[in-house]
Amino acid sequence: MESMAAAKPGIRVAALCGSLRKGSYNKALLRYAMEITKDEIDGIEIDYVDISSLPMLDTDLEVDGKYPPVVEAFRQRILAADSILFASPEYNYSVTGVLKNAIDWASRPPNVWANKAAAIVSVAGSLGGARAQYHYRQIGVYLDLHFINKPEFFLNAFQPPAKFDSDGNLIDPASQKRMKAVLLALQAFTLRLRGCNFNPSTISEFPRQINKLSEDGQVLTPFVEGNLAQRFNTSLQSKLGITSEAYDWYDLETCNDERNVLSRFQDTHFRLKDKRYTPNARERVYKFALVVSWVFFLIVFMLDYRVKSAEDVCCKRNVFGRSLDLWVAYN
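Residues numbered from 1 in each chain as written. Predicted model: local features only at pLDDT ≥ 70, side-chain atom pairs only at ≥ 80, totals over all residues. Heavy atoms only, no water.

Looking at an unreviewed UniProt entry, the protein chain carries the name NAD(P)H dehydrogenase (quinone), with the source organism given as Hibiscus sabdariffa.

What follows is the structure in structure tokens.
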């Protein structure tokens, strides 16, 4: 029992590459991710899913609700994964056709992307594939695929220092460190979506019931023993709050800490504002501003009038002075 309690929760990550090229730098990123999860990061198993054999999406290939064997095998591997890791270049400011085709096949009903965590990394020129990443994130919104927000990983492979060696292996220390940070963030976010207290050092393994899809969605079992051994049902009934059993899948202590932090922030930044700007104080400020504006316009009007009067006097003086000079000269 002690060995089980000390075991770290394991997640299975399906890794997909958006480039079919043998020497693809994006494929090299996935290869490096698989290496460090074996040597440096516990609790992550990466399953590289080859999408080169998938046919182009054609709904005529769906016969009696069944997919071609290669498509069905691909969908089952995505379904069995806890989270997804994409690595893709940028084609024409957007996603690659081969990866988009795979995404579309797995989104056919039932959608096997739903309720999974995901991360995306990219190697390209210019911005390092940033524009393609944002398009993938937009696609994920419709698929209920939840991408981690930070850290982001964009890598320009053509800027010095060299990022890859002659064999296509990632050798840049800064990029290696960022890649590891992405995997750790994906692991934490995946455990959080599964309803686990995502401190890997304090939890036992959390088996997940997979390969069960229905109209009610997947059923998750976030805890196997202890007081938090409730089931979290993702059915529509549970989402609407109509449930017959409690599901304490969220860490209530963490939730209370967040509320305390928010309360202290509000007290610090809004307390003086609430005291200073009462409704009566606002009314007085508005009246004062109105009076000041009227006084300002009155002063401007008076100055304009005085200037015009002075101009008239100067004109009359010039006219009379010239007339007198003409009269003297005539006489």
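From this point, the narrative continues.
K.L.:
With reference to specific residues and values, describe the overall build of the protein chain.
P.N.:
Secondary structure assignment for the protein chain yields nine helices and eight strands. When the 331 residues of the protein chain are sorted by exposure, 34% land in the buried category. Considering only residue pairs separated by 6 or more positions, the protein chain has 72% of its internal contacts joining residues 24 or more positions apart. (Helix = DSSP H or I, 4+ residues; strand = E, 2+ residues; numbered from the N terminus. Buried < 20%, exposed > 50% of the residue type's maximum accessible area, 1.4 Å probe, protein only. Contact = heavy atoms within 4.5 Å.)

K.L.:
Any chance you could break down the packing of helix α4 (residues 97-107) against helix α5 (residues 130-143) for me, citing the residues and the numbers?
P.N.:
One way to put it is that α4 packs onto α5 with a least axis distance of 12 Å and a crossing angle of 5°. For the element pair α4 / α5, the angle class is roughly parallel. When α4 is examined against α5, the residues Leu99, Lys100, Ile103 and Ser107 are found in contact with a partner set consisting of Tyr136, Ile139 and Leu143. Of the residues contributing to the contact of α4 with α5, the split by class is five nonpolar, one polar and one charged. (Axes fitted to C-alpha atoms, helices over the stretch in contact; angles between N-to-C directions. Parallel < 35°, antiparallel > 145°, perpendicular 65-115°, else oblique. Nonpolar A, V, L, I, M, F, W, Y, C, P; charged D, E, K, R; others polar.)

K.L.:
Can you explain a nonpolar patch on the surface? Please cite residues and give values.
P.N.:
Where nonpolar side chains cluster on the molecular surface, the patch consists of Val291, Val295, Ile299 and Leu303 and spans about 360 Å² of accessible area. Among the structural elements, Ile299 can be located in helix α9 (residues 279-330). Residue classification places Ile299 among the partly exposed positions, given a relative accessible area of 46%. (Patch = residues over 30% accessible without salt bridge, like charges linked within 9 Å, V, L, I, M, F, W, Y side chains within 5 Å. Areas by Shrake-Rupley, 256 points an atom, 1.4 Å probe, with all protein chains shown as cover. Salt bridge = Lys/Arg side-chain N within 4 Å of Asp/Glu carboxyl O.)

K.L.:
Can you break down the packing of aromatic side chains residue by residue, with the values?
P.N.:
Taken as a whole, this structure holds seven aromatic pairs when the rule is applied. Ring geometry for Phe86 against Phe147: centres 6.0 Å apart, planes inclined by 35°, an arrangement best described as tilted. Within this pair, whereas Phe86 is found in strand β3 (residues 83-87), its partner Phe147 is found in strand β5 (residues 145-147), the two being separated by 61 residues in sequence. Each member of the pair, Phe86 as well as Phe147, carries the same accessibility label: buried. A connected cluster of aromatic rings, assembled from ring pairs, spans Phe86, Trp113, Tyr136 and Phe147. Directly above the aromatic system of Tyr25 lies the positively charged group of Arg21, at a separation of 5.8 Å from the ring centroid. (Phe/Tyr/Trp six-rings, centres within 6.5 Å; stacked < 30°, edge-to-face > 60°. Lys NZ or Arg CZ within 6 Å of the ring centre and 35° of its normal.)

K.L.:
Outline unusual backbone geometry, listing residues and values.
P.N.:
Between Lys150 and the following residue, Pro151, the backbone shows a cis peptide bond with an omega angle of 0°. The topology assignment puts Pro151 in the loop between β5 and β6 (153-156). In this model, Pro160 is joined to Pro161 through a cis peptide bond whose omega is 0°. Relative to the assigned elements, Pro161 resides in the loop between β6 and α6 (173-193). In this model, Asp64 sits at a positive phi of 55°, which is unusual for a non-glycine residue. Tracing the backbone through its elements, the reader meets Asp64 in the loop between β2 (44-48) and α3 (69-80). Assessed through its relative accessible area of 74%, Asp64 is described here as exposed. With a phi close to 65°, Tyr93 is a non-glycine residue in the positive phi region. Counting through the fold element by element, Tyr93 comes out in the loop between β3 and α4.

K.L.:
Provide a residue-level description of the UniProt feature "transmembrane region" (unreviewed entry) in the protein chain, including the pertinent values.
P.N.:
Per the UniProt annotation, the sites labelled "transmembrane region" (unreviewed entry) are residues 285-303. As annotated, residues 285-303 comprises 100% helix and 0% strand, and the C-alpha atoms at either end are separated by 27 Å. (UniProt positions renumbered as here; feature names shortened; annotations may be inferred.)

K.L.:
Provide a residue-level description of the nonpolar core, including the pertinent values.
P.N.:
Ranked by size, the top nonpolar core spans 31 residues in total, and within it Leu29, Leu85, Phe164, Met179 and Leu183 carry the most contacts. Residues contacting Leu29, with those up to four places away along its chain left out, are Val121, Ser122, Val123, Phe153, Phe164, Leu170 and Met179. Ranked by size, the runner-up nonpolar core spans 28 residues in total, among them Leu16, Ala81, Ala118 and Phe147. (Core = buried A, V, L, I, M, F, W, Y, C linked by side-chain atoms within 4.5 Å.)

K.L.:
Quick rundown of the pairing of β2? Include the residues and the values.
P.N.:
Of the strand pairs in this sheet, strand β1 (residues 11-17) and β2 are connected by five bridges, and their pairing is parallel. Residue pairing for β2: Ile11 is matched across the bridge by Ile44. For the segment spanning β1, helix α2 (residues 25-39) and β2, crossover handedness is right-handed. (Pairing = 2+ DSSP bridges. Right-handed = clockwise from strand over helix to strand, strands pointing away.)

K.L.:
Tell me what's going on with the environment of Gly128, and back it up with residues and numbers.
P.N.:
Among the structural elements, Gly128 can be located in the loop between β4 (116-124) and α5. Take Gly128: its relative accessible area is 0%, and that puts it in the buried class. Sequence separation between Gly128 and Phe154 is 26 residues, and the spatial gap between their C-alpha atoms is 4.7 Å.

K.L.:
Describe the pattern of salt bridges, listing the residues and the values that go with them.
P.N.:
Applying the stated criterion across every chain, the model contains seven salt bridges. Asp47 is the partner of Arg77 in a salt bridge, and the nearest nitrogen-oxygen pair spans 2.7 Å. Of this pair, Arg77 sits in helix α3 while Asp47 sits in strand β2, and the two are 30 residues apart along the sequence. Judged by its relative accessible area of 34%, Arg77 is partly exposed. Between Lys100 and Asp104 there is a salt bridge whose closest N-O contact spans 2.8 Å. Here Lys100 pairs with Asp104, and both are found in helix α4, just four residues apart, close to one helical turn. Its relative accessible area of 28% is what places Lys100 among the partly exposed residues. Among the charged side chains, a network of salt bridges with common partners joins Arg12, Asp47 and Arg77.

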